[in-house]
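Read off the chains here:
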Amino acid sequence: MAIIEARQLTKEFRKFKSRPGLAGAFRDLFTRRYETVRAVDAIDLTVEPGEVVGYIGPNGAGKSTTIKMLTGILVPTAGHLLVNGCVPHRERERFVRTIGVVFGQRSQLWWDIAVRESFRLLQRIYGVPDAEYRRRLDELAGVLELGDLLDVPVRKLSLGQRMRCELAAALLHGPSLLFLDEPTIGLDVVVKLRIRDFLREINARHGTTILLTTHDLADIEALCPRVVILDRGRILYDGALDAIRRDGQGLEEVVRAIYQGEAVGGGAGAGPGGRRVPELGGGRAAEGGSAVEPEGGRQYGAGGAG
Amino acid sequence: MALRGLEMARYLPLIARFVAQNLKSRLAYPADFWTGLASDLVHQAANLVFILVVFQHAPSLHGWRREEVVFIYGYFLVPFAVFHATAANLWDFADRYVVRGEFDRVLTRPLPSLLQVFLETMELESLLGAVTGVAAMAWAGRALGLDWRLADLAIFPVLVAGGVAIYYGIFIALAAVAFWTDSRTGLIPLLWNLNAYGRYPVDIYSRRLRFVFTWVLPLAFVGFFPAAYFLRRGAWGWYAALTPAVGALVLAFGVAVWSAGVRRYRGAGS
Amino acid sequence: MAAYLEMMRIRFLAMLAYRVNYYSGVVIYVVYIGSYYFIWQAVYAGRAALGGLTAAQMTTYLAVAWMSRAFWFNNLDREISNEIRDGTVAVQFIRPYNYLVAKLAGALGEGLFRLAFFAAPGLAAAALVFPVRFPSDARLWVVFAAATLLAFAVNSLFNVIAGLVAFFTLNNTGILHTKRVLVDLFSGLFLPLGFYPAWAQDAPRWLPFQAISYLPSLVFTGALRGPELWRALAVQAFWIAVLAVAAAWLWRRAGRRLVVQGG
Ligand SMILES: Nc1ncnc2c1ncn2[C@@H]1O[C@H](COP(=O)(O)OP(=O)(O)OP(=O)(O)O)[C@@H](O)[C@H]1O
Ligand SMILES: [Mg+2]
């Protein structure tokens, strides 16, 4: 059975549009104009246990929004979603016990207290038995080299140190599914390599399923046999990484071409494992441009990093 | 409701753990801790000064003597201190959790979101207000020659709990408004001082307001009615019997608004 | 100068964005006024005058004191101490303007916003609910306007000083909260200074706080006449001068300390 099963998953945000100038601001006080942004637009996504999937796309594509729905943080506007056999937002407390989440941009740990204390608190929150907790902590601290960091308050850690602790924190309760939103953002090469090794190892050793977003394609190359490329809330490509690589071209160039609206090359559709690639039509140009007029005057993917 | 209570009991060890952790991180900044204590005391002193000064000019407020008004204020301080110490995090909930998106983290943890918000920041030093309050009650009670009964020892915590529940309910609902609006500061800093209405005899207000503070925004149940019971002001004191029920009702209302709000949470635009 | 005006404007616009606060704010100030109005009604209980104010003047005093608070109140203290502590002030040093003046300009923009959209309609709303008496003498309005502007200056400078002191003592919340309670108490916001017992009246009269709320509100009630009006303005001006000097001095010391700490 699939570990993530999303059908027509959609999330819309209503955004307030301010009018320019003093007079405009004054009018905003009484009547507001809103526009609806469809951050995630009817995507279908299936992930099997044990997979490592790279979820990439340009800024504002809807990656974080998808992850927030998959983790039960946001309630989808429409569509069906089953993750680890739960509807995330509906059975939130039971569901989140089975997953681990790391947001690269935002700390999950308590700012003022030592890392070890944070971990202890998490142990209590997730109800991890002592012996199991000690075993996991030993393992995680060993691989992530947390040794000296455990007694430092989180606010005194550097970004790379903190990120290693965040990873450990997300795995203390032994989740079968790990969501990582830009886990390598702002990290130096050495830390990045260590984190990649670590992720590969937990995937191999425990069969942990991983869904990861990143802007660093080297992360993808190192970790993800399968990529899902998203733009303006729609999936452009879902399949094997190898299938989109053209001869003599770096991944970087291929992905840039896809982001810029060129159709995915060659037999991309026939990725290994026979994964379905959504109808690409004439490529991105048809979808993003004015050719497709959104119904109800909605504006899609106003873009930009929120 | 009983089921909820049982569920909460399951969380008790965890709550204790959070409390300890909170104390630890508060004490990491001793200056904040001490000036926090001092500022609470100054605040309470200012309110007492107000009462004392007012009574320089009037022998009674609508038939309430100075000591009685001090007693009511003292009693009010007890539930207020408990509320303030434990729900301090609601104060900037809108900004911190909703606008800046810290609520993401809360939602990824297997605990009720409301419980987590309460536990993540507490200002336990505010409990000192309860000591001030009891001192004021003791002073006023002696001056009035109040007769305490043994049963009062049991009734007191029940009434205080009811008052705290009323505050929780009202301010949880107000905090949850942040899920619907996109405004930064939320309503709570603006409405915090509504509590001023719970600490004076309710009969000084006009009939309409009296109705509002009894049946709509039942602040009179927090301080005044229970205090009137201990002051043996029969007519008003009887209302105190309703305090626990009103508390349960208002709290249930607040939690319902909160749950509806959480479903509307939009996160911060990454 | 244009830069400072721009700062005022930006802040003014920023305030417009807070819609819910704005709507609820008007109601809430009426609620505050109400909470004291009823207590004072009970205190007067038919008596003609107490502490130099009649019952009607007392109502007017409360309404105007709270509504002008909307204008003079600001969070400069917290903003300044936070910006110094978290280092954002360093960015301000490389900008071609004076940090404190820029802060004051921003606060004035905020104050003007609240005056126009909050205090003025709020006072009108309060007058509908409570028996507020507006002065009929046009001259009183002018003096009141001047006094309120001066009150803004006194309070803002005092906030600047509090913010800088909080920075030096490496602590803010407690100190700033204490300061706020003291300002509310000694400025006569909810307790006109005339009500204090005689022995306790002297201290507040020698402190700057009365210049923030007590004096302007008295002007509005008509309790001050002729030369007393001018004396009130002079007291405010005096405190502005003193506080401005103190703020400038502290700011120079804070600047030196920042350099020493390496920003
Ligand atoms: N809370 C929100 N309110 C309004 N709009 C939002 C919100 N969160 C996201 N959006 C909008 O949804 C779209 C997708 O945002 P999202 O954060 O999912 O993108 P992303 O793919 O993670 O981008 P990035 O690579 O920059 O992190 C953007 O247009 C963004 O502006
Ligand atoms: Mg993102």
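Residues numbered from 1 in each chain as written. Chains lettered and ligands numbered in written order. Predicted model: local features only at pLDDT ≥ 70, side-chain atom pairs only at ≥ 80, totals over all residues. Heavy atoms only, no water.

Chemist: Explain the overall build of chain A to me, using residue names and the numbers behind them.
Modeler: Looking only at helices and strands, one finds 11 helices and 10 strands in chain A. Within chain A, the proportion of its 306 residues that are buried is 53%. Considering only contacts within chain A whose residues lie at least 6 apart along the sequence, 70% involve residues at least 24 apart. For chain A, the computed accessible surface area is about 13100 Å², with 50% contributed by carbon and sulfur atoms. (Helix = DSSP H or I, 4+ residues; strand = E, 2+ residues; numbered from the N terminus. Buried < 20%, exposed > 50% of the residue type's maximum accessible area, 1.4 Å probe, protein only. Contact = heavy atoms within 4.5 Å. Areas by Shrake-Rupley, 256 points an atom, 1.4 Å probe, with all protein chains shown as cover.)

Chemist: Give me the packing of aromatic side chains: which residues, what numbers.
Modeler: One pass over the full model with this rule turns up 57 aromatic pairs over all chains. Ring geometry for Phe225 of chain B versus Trp236 of chain B: centroids 5.9 Å apart, planes at 15°, classification stacked. Here Phe225 of chain B, found in helix H11 (residues 224-230), pairs with Trp236 of chain B, found in helix H12 (residues 234-237); they are 11 residues apart in sequence, far enough to count as distant. Each ring, one from Tyr37 of chain C and one from Phe38 of chain C, has its centre 5.1 Å from the other, and the planes form 75°; the classification is edge-to-face. Residue classification places Phe38 of chain C among the buried positions, given a relative accessible area of 11%. These aromatic residues form a ring-pair network of at least three members: Tyr73, Phe76, Phe80, Phe83, Phe118, Tyr167, Tyr168 and Phe171 of chain B. Over the aromatic face of Tyr229 of chain B sits the side chain of Arg232 of chain B, whose NZ or CZ is 5.2 Å from the ring centroid. (Phe/Tyr/Trp six-rings, centres within 6.5 Å; stacked < 30°, edge-to-face > 60°. Lys NZ or Arg CZ within 6 Å of the ring centre and 35° of its normal.)

Chemist: Describe the packing of helix H4 (residues 76-86) of chain C against helix H6 (residues 99-129) of chain C, and please don't skip the residues or the numbers.
Modeler: Residue and element names in this part refer to chain C. Two elements in contact, H4 and H6, have axes separated by 11 Å at closest approach and are oriented at 145°. With respect to the hand of their crossing, H4 and H6 are arranged in right-handed fashion. For the pair H4 and H6, contact is made by Leu76, Glu79, Ile80 and Glu83 and by Tyr99, Leu100, Lys103, Leu104 and Ala107, respectively. Tallied by class, the residues present in the contact of H4 with H6 amount to 6 nonpolar, no polar and 3 charged. (Axes fitted to C-alpha atoms, helices over the stretch in contact; angles between N-to-C directions. Left-handed = near helix turned anticlockwise from the far one by under 90°. Nonpolar A, V, L, I, M, F, W, Y, C, P; charged D, E, K, R; others polar.)

Chemist: Break down the pattern of salt bridges for me, with residues and values.
Modeler: Two side chains that carry opposite charge are able to pair once their charged atoms sit near each other. Residues and elements named next belong to chain B. Counting across every chain of the model gives 38 salt bridges over all chains. Arg105 is the partner of Glu120 in a salt bridge, and the nearest nitrogen-oxygen pair spans 2.6 Å. With a gap of 15 residues between them, Glu120 in helix H6 (residues 113-120) and Arg105 in helix H5 (residues 103-107) connect regions that are remote in the sequence. Given a relative accessible area of 8%, Arg105 falls into the buried group. (Salt bridge = Lys/Arg side-chain N within 4 Å of Asp/Glu carboxyl O.)

Chemist: Before we move on, can you summarise the interface of chain B and chain A with the specific residues and values?
Modeler: Opposite the 29 residues of chain B that make contact, chain A presents 32 residues. For the pair chain B and chain A, the two sides together bury roughly 3000 Å², of which 51% comes from carbon and sulfur. Summed over the shared surface of chain B and chain A, the result is 3 salt bridges. With a closest N to O distance of 2.6 Å, Glu117 of chain A and Lys24 of chain B form a salt bridge. (Buried area = accessible area lost by both parts, 1.4 Å probe.)

Chemist: Any chance you could break down the nonpolar core for me, citing the residues and the numbers?
Modeler: Nonpolar side chains in soluble globular proteins tend to end up buried together. Counting residues in each nonpolar core, the largest one holds 166 residues, and the members touching the most others are Phe179 of chain A, Phe93, Phe103 and Trp258 of chain B together with Trp40 of chain C. Phe103 of chain B has contacts with Phe93, Tyr97, Ser113, Val117, Phe179, Trp258, Val262 and Tyr265 of chain B, leaving out every residue within four places of it along the chain. Core analysis: the second largest hydrophobic core is formed by 64 residues, Ile210, Ile220 and Leu251 of chain A together with Leu115 of chain B among them. (Core = buried A, V, L, I, M, F, W, Y, C linked by side-chain atoms within 4.5 Å.)

Chemist: Go over helix H10 (residues 214-221) of chain C with me, naming the residues and quoting the values.
Modeler: Burial within H10 of chain C is extensive, with 8 of its 8 residues counted as buried. Directly beyond the C-terminal end of H10 of chain C, a positive phi value near 85° is found at Gly222 of chain C.

Chemist: Could you give an account of the sheet that holds strand S5 (residues 99-103) of chain A, with specific residues and numbers?
Modeler: Residues and elements named next belong to chain A. If you walk across this open sheet you meet the 6 strands as S5-S6-S7-S3-S8-S9, and the pairing is mixed. Two strands in the sheet have a free side with no partner beyond their single neighbour: S5 and strand S9 (234-240). Shown here is a sheet whose adjacent strand axes are inclined to one another by a mean of 15°, direction ignored. Taken together, the 4 bridges between strand S3 (residues 52-56) and strand S8 (residues 226-231) define a ladder with parallel strand orientation. Considered in S8, the bridge of Tyr55 is made with Val228. Packing against the sheet, helix H6 (residues 159-171) makes contact with S5 and strand S6 (177-181), and its axis sits at approximately 160° to S5. On top of the sheet, helix H10 (residues 251-259) reaches S3, S8 and S9; it is set at about 35° to S8, its chief contact. (Pairing = 2+ DSSP bridges.)

Chemist: An account of empty space enclosed by the protein is needed here, citing residue identities and associated values.
Modeler: Residues and elements named next belong to chain A. Counted under the stated rule, the structure contains 6 cavities of 30 Å³ or more. Taken as a whole, the largest cavity holds about 110 Å³ of empty space. Along the wall of the largest cavity there are 13 residues; nearest its centre are Val101, Gln108, Tyr126, Ala169 and Ala170. Listed by contribution, the elements that provide at least two residues to the lining of the largest cavity are S5, helix H4 (115-126) and H6. (1 Å grid on protein atoms, 1.4 Å probe; cavity = no way out; pocket = protein on both sides within 12 Å on 5 of 7 lines; lining within 4 Å. Points joined across faces, edges and corners; volume = space filled by probe spheres on them.)

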